[in-house]
Amino acid sequence: MRSKRWPSLKWGRHPKHCIWKMLKLLGIILVLMVLIIPIRNAILQFVLPGMWLEHSSLFLLKVLLDNQRLPVSETPLGESPIQLKINLDDIKSKFTSREKAYSKYYERVSYLKQESDVAASEELTELLKFQPMMSEYERAVAFFTLDTFIQACEAANLTYFLISGSLLGSVRHHGMIPWDDDIDIILNATQWHRVRNVLGNIQGFELFSPDKVQWKFFMSSLPKGNRPFKWPNLDLFFFNEDETHIWAQTWGAKASLCSKKTDIFPLGRRKFELWNMPVPRTSRALVAAEFGEFSSACKTASYVHKTNVAYPSTSLFDVDCHRLHHVFPFVFLERGKPGTVNELRKVGGQLVENISLIPEV
């Protein structure tokens, strides 16, 4: 019986023809990815930052190519348009709290260290991963630095607002994320020269202002580290804009600001520690776009500014935020008067403050 002869594959007979067909197919897929946002997002949803998903690929290409290139190194520092008086005694008198920050956390950790059961050991291990990184003095220095920055920007009429982890902190904690150690602020790139002249001429402070990466604002008297700037500091980024959109020029903030201008302006105000700071108009929506389920997912820091050490994603730790409600302040929402929402800041179920806001913020 003769065996059946299978026809030879076209690949073997016409390899160039098959390769050309495959290239055309890949080209069609690429065009669909570029032009049809849902298809692109379905394929790249785990690669693209959340804030990018609503935008066209052509716009995202524009954002990626528009990077911070400020001619700082070739521009002499000018005179400041403002005069700001700084009192170093404010670090102790205004910004050093009488009560230890996050006292509930330290009380709980101290208690768990005295217990010997498995449950206590597991809870202690979990809480220690979220240990606050800043001492009382370091927090006071950070707050003094921020207060000086705010005074300077307000006096010089500079546009600035919270972004990234600091915006998340404002929405979820009414302040810094308890286990974070820096403050993220973005400014208008068209005002960079004025920003430099203002912040670079404040007695007792220094401004690290490179051409292509984020700037740092910090006290001159701080001890030197392994970088050309000192800590605690403010991370300062820059944004650009057109008629309809706004995006970060500084590479480190590309994933934290890429929005319609109507989502950002007019700026609102939100509680951040001791201040009501400028924030995007739709802060909660932007935080959700960048961080996902931020009210239920608490994650350890991926970068420690105190030591300038970055941690790989595989070493990060996350828990349901309700497991930290008893030791750290969290913000809870409830309906207020018509057109408003009440934000209740609580620690362990105890009310710390109650703030009424319009829903968008």
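Residues numbered from 1 in each chain as written. Predicted model: local features only at pLDDT ≥ 70, side-chain atom pairs only at ≥ 80, totals over all residues. Heavy atoms only, no water.

Comments concerning the sheet that holds strand β16 (residues 350-357)
Then, number 1: Across the sheet, three strands lie side by side as β14-β15-β16; this open sheet has antiparallel pairing. A single partner strand is all that each edge strand has here, and the edge strands are β14 (330-335) and β16. On average, each strand axis in the sheet is tilted by 25° relative to the strand beside it, whichever way the strands run.
Then, number 2: Pairing between strand β15 (residues 341-347) and β16: seven bridges, direction antiparallel. (Pairing = 2+ DSSP bridges. Helix = DSSP H or I, 4+ residues; strand = E, 2+ residues; numbered from the N terminus. Axes fitted to C-alpha atoms, helices over the stretch in contact; angles between N-to-C directions.)

Here we look at the pattern of salt bridges
When the charged atoms of two side chains lie near each other, side chains of opposite charge can form a pair.
Then, number 1: Overall, the coordinates contain twelve salt bridges when judged by the stated rule.
Then, number 2: Between Glu126 and Arg323 there is a salt bridge, with the nearest N and O atoms lying 2.8 Å from each other. Of this pair, Glu126 sits in helix α7 (residues 118-128) while Arg323 sits in the loop between β13 (318-320) and β14, placing them 197 residues apart in sequence.
Then, number 3: Residue class for Arg323 comes out partly exposed when judged on its relative accessible area of 40%. (Salt bridge = Lys/Arg side-chain N within 4 Å of Asp/Glu carboxyl O. Buried < 20%, exposed > 50% of the residue type's maximum accessible area, 1.4 Å probe, protein only.)

Focus: a nonpolar patch on the surface
Then, number 1: Together, Ile19, Trp20, Leu23 and Leu26 make up an exposed nonpolar region whose accessible area comes to about 440 Å².
Then, number 2: By secondary structure assignment, the location of Trp20 is in helix α2 (residues 15-35).
Then, number 3: According to the relative accessible area criterion, Trp20 is exposed, its value standing at 52%. (Patch = residues over 30% accessible without salt bridge, like charges linked within 9 Å, V, L, I, M, F, W, Y side chains within 5 Å. Areas by Shrake-Rupley, 256 points an atom, 1.4 Å probe, with all protein chains shown as cover.)

Quick word on unusual backbone geometry
Then, number 1: Residues Trp231 and Pro232 are joined by a peptide bond in cis, for which omega reads 5°.
Then, number 2: Within the fold, Pro232 resides in the loop between β4 (215-219) and β5 (233-241).
Then, number 3: Of the consecutive residues Phe265 and Pro266, the connecting peptide bond is found in the cis state with omega at 0°.
Then, number 4: Tracing the backbone shows Pro266 in the loop between α11 (261-264) and β8 (268-272).
Then, number 5: Its identity as a non-glycine residue notwithstanding, His174 has a phi of 60°, on the positive side.
Then, number 6: With respect to the helices and strands, His174 occurs in the loop between α9 (164-173) and β2 (183-188).
Then, number 7: Positive phi, close to 55°, is recorded for Glu273, a residue that is not glycine.
Then, number 8: Relative to the assigned elements, Glu273 resides in the loop between β8 and β9 (275-279).

With respect to the pairing of β8
Then, number 1: In β8, alternate side chains face the same way, and those of Gly268, Arg270 and Phe272 are buried while those of Arg269 and Lys271 on the opposite face are not.
Then, number 2: Here β8 runs beside β9; their pairing, made up of five bridges, is antiparallel. Pairing of Phe272 across the sheet is with Trp275, part of β9.
Then, number 3: Linking β8 back to β9 in an antiparallel pair, the connection comprises two residues, with Glu273 at a positive phi of about 55°.

Section: the environment of Arg345
Then, number 1: Its place among the elements puts Arg345 in strand β15.
Then, number 2: The buried category is assigned to Arg345, whose relative accessible area is 17%.
Then, number 3: A sequence separation of 14 residues divides Arg345 from Val331, and the C-alpha atoms of the two residues are 4.4 Å apart.
Then, number 4: Setting aside chain neighbours within four positions, we find Arg345 in contact with His173, His174, Pro329, Phe330, Val331, Gln350, Leu351, Val352 and Glu353.
Then, number 5: Within polar-contact distance, the side chain of Arg345 engages the backbone oxygen of His173 at 2.8 Å. (Contact = heavy atoms within 4.5 Å. Polar contact = N/O pair within 3.5 Å; in protein donor to acceptor, adjacent residues only side chain to side chain.)

Here we look at the nonpolar core
Then, number 1: Residues Leu146, Phe149, Ile185, Leu199, Leu236 and Leu324 are the most contacted members of the largest nonpolar core, which totals 69 residues.
Then, number 2: Residue contributions to this core peak at eleven residues, all from helix α8 (residues 136-156).
Then, number 3: Among residues more than four places away in sequence, those in contact with Ile185 are Leu146, Phe149, Tyr160, Phe161, Leu162, Ile163, Leu234, Asp235, Leu236, Phe237 and Met277.
Then, number 4: Grouped together as the second largest cluster of nonpolar side chains are 19 residues, Ile163, Ala248, Cys258 and Ile264 included. (Core = buried A, V, L, I, M, F, W, Y, C linked by side-chain atoms within 4.5 Å.)

Considerations on empty space enclosed by the protein
Then, number 1: Tallied over the entire structure, the rule returns one cavity of 30 Å³ or more.
Then, number 2: Counted as a void, the largest cavity has a volume near 30 Å³.
Then, number 3: Lining the largest cavity, in full, are Tyr102, Pro132, Met134, Arg139, Met176, Ile177, Pro178 and Asp180.
Then, number 4: By residue class, the composition of the lining of the largest cavity is six nonpolar, no polar and two charged. (1 Å grid on protein atoms, 1.4 Å probe; cavity = no way out; pocket = protein on both sides within 12 Å on 5 of 7 lines; lining within 4 Å. Points joined across faces, edges and corners; volume = space filled by probe spheres on them. Nonpolar A, V, L, I, M, F, W, Y, C, P; charged D, E, K, R; others polar.)

Considerations on the side chain of Asn41
Then, number 1: By the element assignment, Asn41 lies in helix α3 (residues 37-44).
Then, number 2: By relative accessible area, Asn41 is classed as buried at 14%.
Then, number 3: Beyond its immediate sequence surroundings of up to four residues, Asn41 is in contact with Leu48 and Leu53.

Digging into the layout of surface pockets
Then, number 1: Computed from the structure, the largest pocket encloses a volume of approximately 1,200 Å³.
Then, number 2: Together, 39 residues line the largest pocket, and Ser164, Phe291, Ala301, Ser302 and Tyr303 are the ones closest to its centre.
Then, number 3: When residues of the lining of the largest pocket are traced back to their parent elements, those giving at least two are α9, β5, α12 (283-291) and β10 (297-299).
Then, number 4: Ranked by residues supplied to the lining of the largest pocket, first place goes to α9 with four residues.
Then, number 5: Residues of the lining of the largest pocket, tallied by class, amount to 18 nonpolar, ten polar and eleven charged.
Then, number 6: In this structure, the second largest pocket encloses a volume near 740 Å³.
Then, number 7: Those elements that place two or more of their residues in the lining of the second largest pocket are α6 (103-114), α8, β15 and β16.
Then, number 8: For the lining of the second largest pocket, a count of residues per class yields ten nonpolar, five polar and eleven charged.

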